[in-house]
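# A look at the structure
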Amino acid sequence: MNVLGVWGDKEVGIGDAFLIALIAIVIVFLTLLIIIGATFLFQKGIDVVQKHTTISPRPENKILEKDEDAVVAVLVATIEFHKATGKDCRVVKIERAED
């Protein structure tokens, strides 16, 4: 059984068709390996940058480490402010008010 070739009127046999399919499969897997290698190298680069980068919390926001309720209170306050005014806000400092 012969399959009509894609590149003209040349007939391609079953053996040639399997060879073409095998080459196409190899190309696909090589492309996947290149993509996997690139993402692996990209992740290693990100890990190196993160290892050399330290982010420390601002000293005035130390209350967030001690009191989880303060985080909830700040979130609720910013959401209510946005609802009331329609403006965006930025939390600059958090202080506990005396009871």
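Residues numbered from 1 in each chain as written. Predicted model: local features only at pLDDT ≥ 70, side-chain atom pairs only at ≥ 80, totals over all residues. Heavy atoms only, no water.

## Things to note about the overall build of the chain
Helix and strand content of the chain: three helices and two strands. The helix and strand sequence of the chain, counted from the amino end, reads β-β-α-α-α. Sorting the 99 residues of the chain into buried and exposed places 9% on the buried side. A sequence separation of at least 24 residues applies to 32% of the contacts in the chain between residues at least 6 apart. For the chain, the computed accessible surface area is about 9100 Å², with 66% contributed by carbon and sulfur atoms. (Helix = DSSP H or I, 4+ residues; strand = E, 2+ residues; numbered from the N terminus. Buried < 20%, exposed > 50% of the residue type's maximum accessible area, 1.4 Å probe, protein only. Contact = heavy atoms within 4.5 Å. Areas by Shrake-Rupley, 256 points an atom, 1.4 Å probe, with all protein chains shown as cover.)

## Looking at helix 3 (residues 68-85)
Because an α-helix packs 3.6 residues into every turn, residues spaced three or four apart end up facing the same way. With 18 residues, helix 3 should reach 26 Å at 1.5 Å per residue; the first-to-last C-alpha distance of 26 Å fits that figure. One or two steps after helix 3, the chain reaches glycine 86, where phi turns positive at roughly 80°. (Expected span 1.5 Å × (residues − 1).)

## Section: the confidence of the model for the chain
In the predicted model, the chain carries a mean pLDDT of 81, and 80% of its residues have values of at least 70. Put simply, strand 1 (residues 2-4) is where the chain has its lowest mean pLDDT, 53, and helix 1 (residues 14-52) is where it has its highest, 92. (pLDDT = per-residue confidence, 0-100.)

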